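# Structural features, examined
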Amino acid sequence: MAKRNQKEIEQDCKRIKEAAKTATSMKELEHATGLSYAMINTTLSKHPIVFKRIKEQLDINLANKEKAKLEAQKQTSLANNEVQSSKVSTTNTFSGFVIDASISGVENIKELLLEICNTDKKIILTSITIKELENLQKSITLQGKDARYFLALAAENPKSFVSQLIDETVGIPDDCIIKYCADNKDKFILLTSDKAMALKARMYGVEVQYLKKTTKQTNSRVETLDTNVNLVPTTTPVIASTNSNVRTLIPAKKIGNKLVLSDFHTNTRSIRIYSDRYVYNNGTRELKIGDNVFIASKKDDCITFAHYKMISVEATNNCELIFSRRIYDYLKPDLPKIIYKNFFKDFLRRHDL
């Protein structure tokens, strides 16, 4: 096939935007426009803002299509919907559900939320959960896809979803959500896939529906790490005064006796934590000794990459620098490990580089 000129690419862009008004996936865009996946990507790469809006529109269209399908089937009873082993009932006198971002990635979670939308119950999106979903939607994982779906569904269904500003100064985000639930425990049930959050909420008398993930992801902020990847093994904590590579992990914050990291992504930086056999890309994470932390930052003329290993949970001198490098050639990054290169590729994709 002959290479398209600029005029043809612009015409294709208009066709894609028109098709995106009703399409629900890239496959449908291909069918509607007659363009291949590669041609669509090439066309939209020239218009990153348009590309982002089209992806958001596809998610909104998909949410509306699935909602209409469920309404047509008249499946209005949550008791008959086997979302998972523990079912959620809407026959009680409570007002609705407070959802935590951790439910992203739970099997059949879309069907559950749509079923709630078909009742008179409300779904509460706290100000913290909205922020976490906003950050999570940038991920290419299943959780990221679900986060985009949740936000689109909420935006299109103001009668079912309530955006609630809560006190965000109580402590870490989970604690702020739990306090809101405790203050309104006669009204709402907390839906979460975070084990610790479920247990803490119950201590305060909050009714909790714990939604266990059946996929390999065991936490909304977690994705399974390849067991063949060789990271630096856990060792005895390094004493700062005897190691010139000891650093302070600046993005981490000391809250009480915990060292917490929550700002995983900014406009110029991304962070990833490898802990045991899991990798954390978003949300809020309590750091532990032995955790491996990758940080990539966009500079004016390069991207900096660093690998740190946590050696303490103190506010300062809490990590050891394992590896760092300035990267000038984005297409051929000079990185010695596959795991470094994979993280770097994700960073480029996330920041449209």
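In this text, all values refer to a predicted model and were calculated from it rather than measured experimentally.

### Looking at the sheet that holds strand 2 (residues 122-126)
If you trace the five strands from one edge of the open sheet to the other, you get 3-2-1-4-5, paired in parallel fashion. Across the chains shown, the open sheet's two edge strands, defined by having one partner strand only, are strand 3 (161-164) and strand 5 (208-210). On average, adjacent strands in this sheet sit at an angle of 30° to one another, irrespective of strand direction. In terms of strand pairing, strand 1 (residues 96-99) meets strand 4 (residues 188-192) through four bridges, oriented parallel. Each bridged residue has a counterpart across the sheet, and for I99 the counterpart in strand 4 is L191.

### With respect to the sheet that holds strand 12 (residues 285-286)
Ordered by their spatial adjacency, three strands build an open sheet running 8-9-12, and the pairing between neighbours is antiparallel. Unpaired on one side and paired on the other, strand 8 (253-255) and strand 12 mark the two borders of the sheet. By the bridge criterion, two bridges tie strand 9 (residues 258-261) to strand 12 in an arrangement that is antiparallel. Bridge pairing in strand 12 links V260 to E286.

### Some remarks on a positive patch on the surface
A surface patch of positive charge is lined by K52, R53, K55 and K138. When you line up the elements, K55 lands in helix 4 (residues 48-73). Given a relative accessible area of 44%, K55 falls into the partly exposed group.

### Regarding the confidence of the model for the protein
Across the protein, the average pLDDT comes to 80, with 84% of residues at 70 or higher. Note that residues 76-91 has pLDDT below 50 and, in this model, 35 contacts with residues that lie over four places away or in other chains. For the stretch residues 215-243, pLDDT sits under 50, and the model shows 77 contacts to residues farther than four places along the chain or on other chains.

### Some points on the side chain of S160
Checked against the element boundaries, S160 lands in the loop between helix 7 (142-156) and strand 3. A relative accessible area of 8% means that S160 is categorised as buried. Non-local contacts of S160, meaning those with residues more than four positions away in its chain, are made with C117, K121, K122 and I123.

### Examining the pattern of salt bridges
On inspection of all chains with the given rule, the structure shows 12 salt bridges. Between E18 and K21 there is a salt bridge whose closest N-O contact spans 3.1 Å. By relative accessible area, K21 is classed as exposed at 53%. Between R325 and D334 there is a salt bridge, and its shortest N-O distance comes to 3.2 Å. Classification of R325 by relative accessible area gives partly exposed; the value is 29%. On the basis of relative accessible area, D334 is assigned to the exposed category, the value being 52%. Counted as one network, the salt bridges with shared partners bring together R272, D346 and R349.

### Some words on the packing of aromatic side chains
Summed over all chains, the structure comprises 11 aromatic pairs. For the ring pair Y274 and F294, a centre distance of 4.9 Å and an interplane angle of 55° mean the geometry is tilted. Of this pair, Y274 sits in strand 10 (residues 269-275) while F294 is found in strand 13 (residues 292-298), placing the two residues 20 residues apart along the sequence. In this structure F294 comes out as buried when scored by relative accessible area, which is 0%. Cluster of aromatic residues (ring-pair linked, three or more members): Y274, F294, F305, F323, Y340 and F343. Directly above the aromatic system of F51 lies the positively charged group of K55, at a separation of 5.1 Å from the ring centroid. Over the aromatic face of Y280 sits the side chain of R285, whose NZ or CZ is 4.3 Å from the ring centroid.

What counts as what
Residues numbered from 1 in each chain as written. Predicted model: local features only at pLDDT ≥ 70, side-chain atom pairs only at ≥ 80, totals over all residues. Heavy atoms only, no water. Pairing = 2+ DSSP bridges. Helix = DSSP H or I, 4+ residues; strand = E, 2+ residues; numbered from the N terminus. Axes fitted to C-alpha atoms, helices over the stretch in contact; angles between N-to-C directions. Patch = residues over 30% accessible without salt bridge, like charges linked within 9 Å, V, L, I, M, F, W, Y side chains within 5 Å. Areas by Shrake-Rupley, 256 points an atom, 1.4 Å probe, with all protein chains shown as cover. Salt bridge = Lys/Arg side-chain N within 4 Å of Asp/Glu carboxyl O. Lys, Arg positive; Asp, Glu negative; His and termini not counted. Charge placed at Lys NZ, Arg CZ, Asp CG, Glu CD. Buried < 20%, exposed > 50% of the residue type's maximum accessible area, 1.4 Å probe, protein only. pLDDT = per-residue confidence, 0-100. Contact = heavy atoms within 4.5 Å. Phe/Tyr/Trp six-rings, centres within 6.5 Å; stacked < 30°, edge-to-face > 60°. Lys NZ or Arg CZ within 6 Å of the ring centre and 35° of its normal.

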